[in-house]
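# Reading the structure
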Amino acid sequence: MFPTTRLRRLRYHPAVRELARETRLSAANFILPLFVRPGEGVREPIAAMPGHAQISPDVLADEVREAAALGIGGVILFGIPAEKDARGSDAMSDGGIIAQAVRAAKQAAPDVLVVTDVCCCEYTDHGHCGEIGRSTGRMDVENDPTLELLARQALVHARAGADVVAPSGMIDGMVGAIRRALDAAGFLHLPILSYAAKYASAFYGPFREAAESAPQFGDRRGYQMDPAAAAGQAMREIELDLAEGADIVMVKPALPYLDIIRLAWERFPGVPLAAYNVSGEYSMVKAAAERGWIDEKLVALESLTAIRRAGAGIILTYWAKDAARWLEKE
Ligand code: PBG
């Protein structure tokens, strides 16, 4: 009790503070999301995400080399195809934009981990994460027919040289379907990072501009999780994905769901846990910083520290390059 115990003794001296520090950030734990579109020399800024752009595969090569030089743990690629259709055919073609992007990235910097987002929404003309139908009585993603599409996408990514595939559609059985397809094709060694607990979140707003993937009707609440659902539902999602063969599991978004990250960390010791610090979390800070209302660097590093402290060892973040530079200087 006070006055014997004075916790400020741990804070007066900067070196004591440093010693007592438990949560440390490292560029090696960051994954940088990148948006790739067809063309050459393309760097089309994304208005809602200052500092990010849609880039062509040749420009991607430069980005990946830069990520390597900064010691960033990996990149996650999202493709924006020239042509969209009902089933997202471009994503299932070995000549499609995502396959081109993976090859360009691996060629530019073979040691940089290339993760691919396995989902239909960037490739479908309706913007939903799978095949659309009415079997439930309303227009929604048809679960089981979508599994086949996702398995085909994962195989395209694997053949192009992806190091990790990351299904993000919240389709029941997606991890198992992808695992079986990969194993049957000899990709036994290829890990799956599952977006296991992904919420139907308004924080994805800027991403949908970046990936041109806004649903053309309805929303994603028929497949992504309800933010108000019992936290235990997220644990069931993670448990099922692990049973289906997920190697790394992710919670998304990050900051509004730190409780879910912490629960997963407690409930599944030893399972690598990732969190996606999503577009809205990034753009809000950017916008406020542009107005001089907050300090971007301090807010970003504090946010990343909080996500790490909650239990996420791996963080997907649009600040990956900036944070790597900021940490280098410290
Ligand atoms: C694709 C996907 C989305 C994000 C990552 N993968 C969009 C969505 O589900 O609507 C969002 C990432 C972000 O906001 O940064 N299914």
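Structural data are supplied above this passage.
What this report covers is the structure whose coordinates are included nearby. Treat the numbers as computed from the prediction; the structure is a model and nothing was measured. (Residues numbered from 1 in each chain as written. Predicted model: local features only at pLDDT ≥ 70, side-chain atom pairs only at ≥ 80, totals over all residues. Heavy atoms only, no water.)

### Focus on the side chain of T317
In this structure, T317 sits in strand β12 (residues 314-317). Among the polar contacts made by the side chain of T317, one reaches the side chain of N277 at a distance of 3.0 Å. Among the polar contacts made by the side chain of T317, one reaches the main-chain amide nitrogen of W319 at a distance of 3.0 Å. (Helix = DSSP H or I, 4+ residues; strand = E, 2+ residues; numbered from the N terminus. Polar contact = N/O pair within 3.5 Å; in protein donor to acceptor, adjacent residues only side chain to side chain.)

### Quick notes on the pairing of strand β5 (residues 113-118)
Within β5, five of the six residues are buried, leaving the element largely enclosed by the surrounding structure. One ladder, built from four bridges, connects strand β4 (residues 74-79) with β5; its direction is parallel. Bridged to L77 within β5 is T116. Since β4 and β5 lie parallel, the crossover through helix α3 (residues 97-108) that links them has a hand, and here it is right-handed. Bridge analysis of β5 against strand β8 (residues 164-167) gives four bridges, and the strand direction is parallel. Bridging from a neighbouring strand, D117 pairs with A166 of β8. (Buried < 20%, exposed > 50% of the residue type's maximum accessible area, 1.4 Å probe, protein only. Pairing = 2+ DSSP bridges. Right-handed = clockwise from strand over helix to strand, strands pointing away.)

### Describing the pattern of salt bridges
Across all of its chains, the model carries 15 salt bridges by this definition. E63 serves as the salt-bridge partner of K321, at 2.9 Å between the closest nitrogen and oxygen. Note that K321 is positioned in helix α11 (residues 320-329) and E63 in helix α2 (residues 57-69), a separation of 258 residues in sequence. Assessed through its relative accessible area of 7%, E63 is described here as buried. Across the pair E66 and K321 runs a salt bridge whose closest N-O atoms are separated by 3.2 Å. With a gap of 255 residues between them, E66 in helix α2 and K321 in helix α11 connect regions that are remote in the sequence. The exposure class assigned to K321 is buried, which follows from its relative accessible area of 15%. When salt bridges that share partners are traced, they join R43, E63, E66, K321, D322 and R325 into one network. (Salt bridge = Lys/Arg side-chain N within 4 Å of Asp/Glu carboxyl O.)

### Quick word on the pairing of strand β9 (residues 193-198)
Within β9, six of the six residues are buried, which leaves the element mostly enclosed by the surrounding structure. Where β9 meets strand β10 (residues 248-252), four bridges bridge the pair, whose relative direction is parallel. The residue bridging A197 from the neighbouring strand is V251, located in β10.

### Structural notes on the environment of R65
Turning to its location among the elements, R65 is positioned in helix α2. For the pair R65 and A105, spaced 40 residues apart in the sequence, the C-alpha separation amounts to 8.4 Å.

### Remarks on α11
Taken residue by residue, α11 has A320, K321, A323, A324 and W326 as its buried positions. Check the buried side of α11 and you find it contacts β1 (30-36), α2, α10 (296-310) and β12. (Contact = heavy atoms within 4.5 Å.)

### A word on the site of the ligand
Among the 18 residues in the neighbourhood of the ligand, the closest are listed as K198, R208, K252, S279 and Y318. Contact distances for the ligand include 2.8 Å between an oxygen atom and a side-chain N or O atom of Q224. In the environment of the ligand, an oxygen atom lies 2.6 Å from a nitrogen or oxygen atom belonging to the side chain of Y318. Here the ligand has 400 Å² of accessible area as a free molecule, and 100% of this is covered by the chains. Secondary-structure elements contributing two or more residues to the shell around the ligand are β9 and α6 (205-210). Among the residues forming the shell around the ligand, the class breakdown is nine nonpolar, three polar and six charged. (Near = heavy atom within 4 Å. Areas by Shrake-Rupley, 256 points an atom, 1.4 Å probe, with all protein chains shown as cover. Nonpolar A, V, L, I, M, F, W, Y, C, P; charged D, E, K, R; others polar.)

### Let's talk about the packing of α3 against helix α4 (residues 143-160)
Contact geometry for α3 and α4: axes closest at 8 Å, N-to-C directions at 25°. Here α3 is positioned roughly parallel relative to α4, judged by the angle of their axes. In this structure, α3 meets α4 at a crossing whose hand is right-handed. When α3 is examined against α4, the residues I98, A99, V102 and R103 are found in contact with a partner set consisting of V156, H157 and A160. (Axes fitted to C-alpha atoms, helices over the stretch in contact; angles between N-to-C directions. Parallel < 35°, antiparallel > 145°, perpendicular 65-115°, else oblique. Left-handed = near helix turned anticlockwise from the far one by under 90°.)

Just distances and angles here, no functional claims.
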